[in-house]
Amino acid sequence: MAASMKCAWARCLSTILLNSTKHRCQISQPLYASCSNITGDSGNDEIIFRKGEGGTDQTRQEAGPADDTKKHRRDPGKAFTDVRVQKILLRLTGLDLDKVYEYRAAKGAGVAKVALMSDQQLKKVYESASYKALRKLQMPPVLGAREPIDEVLSEDPELEGLNTSKLVFIDISQRVPLKKRTIVVREPNGTLRKASWEERDVTLQKYFPQSGRKIGLPRMFQQDNLECMLDDGKHEYILNRACSQFEIDDPEYIRVTQRTYEHIDGNGKFEDLRSTRHFGPMIFYFTYYKKIDKLLVAFLEEESLEDSLDLVKLYHIVHPSCKSAEKVASMPDATPLEIIRAFAEMDATQKSLVQQAIQTYEKECDSTGSTQLRR
Amino acid sequence: MALAIRFALFGCTNRPFFHIVVMEKRRAQRSGKIKEMIGSYDPMPNQDNQKLVAVDFQKLQKWLGFGAVPTKHVAELLGLGGFYPIHPMSYIKAKRKRKLMEKQPADMQAKEEAQETEAIQVNEDTQPVSTEDASQ
């Protein structure tokens with residue numbers, strides 16, 4: 001009874017995901033402070049230490065999401081926040097309530113409740129659990145590495161010799177977003193400059209500590225230790241911890257997440273991240289850097305034509321000038337397999353691998369006598 | 001009533017720590033009659049050779065509006081931070097220190113070297129005895 005109920009809700013939810021604007025993935029500022037860049041939030045300049053125009057925040061441009069490949073390479077964020085991309089990533093991530101609500105031995109993990117309910121009550125509980133689960137599946141955005149801060153506010157060589165150490169000033173006024181807090185440094189040679197990103201992260205963590213963050217780089221993220229963790233298969237743990245430790249545009253975060261994705265690609269363990277909040281960013285990473293071949297093969301081996309088609313469609317959105325995208329645009333009535341085949345012929349880096357996977361899929365289809373879209 | 005923005009020395013022996021507070025200028029700093037705490041200054045450099053200064057600038061501006069006057073040393077610190085222009089005493093102190101460094105570099109170097117050797121000797125005395133020596 002419960003299993004059939006779950007199936008019904010899975011189907012119901014997929015229609016919600018496909019159609020609803022209410023569940024459009026929004027980058028909420030309280031969760032990801034770094035994304036003020038992407039939502040075009042210009043905000044106020046720092047209160048006191050203003051020095052001319054400009055700063056390090058990138059203003060959002062009106063250009064189309066994935067048009068210019070040069071800008072693209074520097075800033076995947078613009079492509080990531082495209083609504084079409086978000087929809088596809090959400091669809092691919094899926095929603096496995098058992099996995100999302102898996103018991104984790106952590107502080108504050110509650111004991112499961114057992115209750116006697118009517119069918120109607122059970123329906124309501126599933127509905128609210130599914131909506132809450134969507135929030136758990138909110139994807140950490142994929143952004144380009146942040147530009148280093150290099151601003152000197154004042155040069156005073158006559159202060160040389162006053163201090164042998166740096167003086168770090170932080171503004172602890174109330175209700176200022178972390179990203180906008182003023183932090184300046186007076187060097188021993190008398191230069192007054194804005195604090196670098198690393199200095200900022202450390203100082204903010206000292207005065208405004210965020211739970212789950214350590215000051216400085218945790219040893220887990222050092223290269224050798226990271227490799228050990230990856231070999232143990234702790235991909236989700238690494239990605240979750242990276243999310244809580246680093247800012248999304250921190251070069252360290254990008255290094256850790258990209259290494260994790262590459263390791264998953266090497267071992268083909270894509271399903272580990274399915275129905276977690278990291279699946280979307282992983283797919284996007286592979287699509288953006290044109291490495292979707294193994295992923296596509298994995299989807300075809302699972303015989304999920306929908307996922308494979310979604311992946312190729314995503315590739316066409318992110319790289320609209322690629323050859324297969326142009327070909328597919330010229331064939332409006334193409335079947336899913338034809339679209340995937342076009343991609344394999346024209347844009348796949350491991351052509352033979354993908355074409356073989358397509359052939360295997362077709363054989364399986366013929367043997368079971370069905371050519372319909374299958375889940 | 002002379003309302004001041006001043007340092008209040010807390011911490012303990014050989015470990016000073018200043019809170020930047022608003023209180024009457026002539027009161028004892030640990031009397032508990034602080035009107036508001038608006039920041040801190042740690043005069044001992046940390047591992048990254050930084051001295052941390054935190055100031056709530058909104059509150060600072062509010063109290064300045066009420067007529068509070070920063071003391072000499074607070075004004076110097078705020079000058080170094082860029083809130084005020086640099087205090088003349090900062091320039092003077094810097095110049096004095098540079099002069100001192102120029103005049104007695106030999107003495108200073110000798111002192112430093114003596115301190116270093118002392119530290120190394122102390123370290124060697126407290127080194128654990130190696131297993132080879134112990135077996136012999």
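Since we're looking at a predicted model, the values are computed, not measured.

Reading the values: the criteria
- Residues numbered from 1 in each chain as written.
- Chains lettered and ligands numbered in written order.
- Predicted model: local features only at pLDDT ≥ 70, side-chain atom pairs only at ≥ 80, totals over all residues.
- Heavy atoms only, no water.
- Helix = DSSP H or I, 4+ residues; strand = E, 2+ residues; numbered from the N terminus.
- Contact = heavy atoms within 4.5 Å.
- Areas by Shrake-Rupley, 256 points an atom, 1.4 Å probe, with all protein chains shown as cover.
- Buried < 20%, exposed > 50% of the residue type's maximum accessible area, 1.4 Å probe, protein only.
- Buried area = accessible area lost by both parts, 1.4 Å probe.
- Salt bridge = Lys/Arg side-chain N within 4 Å of Asp/Glu carboxyl O.
- Polar contact = N/O pair within 3.5 Å; in protein donor to acceptor, adjacent residues only side chain to side chain.
- Nonpolar A, V, L, I, M, F, W, Y, C, P; charged D, E, K, R; others polar.
- Pairing = 2+ DSSP bridges.

Caption draft 1: Up close: the overall build of chain A. For chain A, the count of helices and strands is 16 helices and four strands. Long-range pairs, those at least 24 residues apart, make up 68% of the contacts in chain A with a sequence separation of at least 6. A total of about 20,400 Å² of accessible surface is found on chain A, and carbon and sulfur atoms cover 50% of it.

Caption draft 2: Region of the structure containing the overall build of chain B. Scanning chain B for helices and strands turns up five helices and five strands. Beginning at the N terminus, the succession of helices and strands in chain B can be written as β-β-β-β-α-β-α-α-α-α. The burial tally for chain B puts 32% of its 136 residues in the buried class. Long-range contacts, defined here as pairs at least 24 residues apart, represent 29% of the contacts in chain B between residues at least 6 apart. A total accessible area of about 9,300 Å² is found for chain B, and carbon and sulfur atoms account for 53% of it.

Caption draft 3: Here's a closer look at the interface of chain B and chain A. Taken together, the contacts link 32 residues of chain B with 28 residues of chain A. Between chain B and chain A, roughly 2,700 Å² of surface is buried when both sides are summed, and carbon and sulfur atoms account for 59% of that area. Looking only at chain B, the three residues that lose the most surface to chain A are Lys51(B), Phe57(B) and Leu80(B), adding up to 21% of its buried area. Where chain B packs against chain A, one counts zero salt bridges. The interface formed by chain B and chain A holds 18 residue pairs in polar contact (both at pLDDT 80 or more) in total. Listed by contribution, the elements that provide at least two residues to the side of chain B that touches chain A are strand S3 (36–41), strand S4 (50–55), helix H1 (57–65), helix H2 (72–81) and helix H3 (88–103) of chain B. Among the residues making up the side of chain B that touches chain A, the classes are represented as 14 nonpolar, eleven polar and seven charged. As paired strands, strand S2 (residues 166–171) of chain A and S4(B) are joined by six bridges and run parallel to one another. Directly across from Phe169(A), in S4(B), lies its bridge partner Val53(B).

Everything listed here is a matter of geometry and, on its own, says nothing about what the molecule does.
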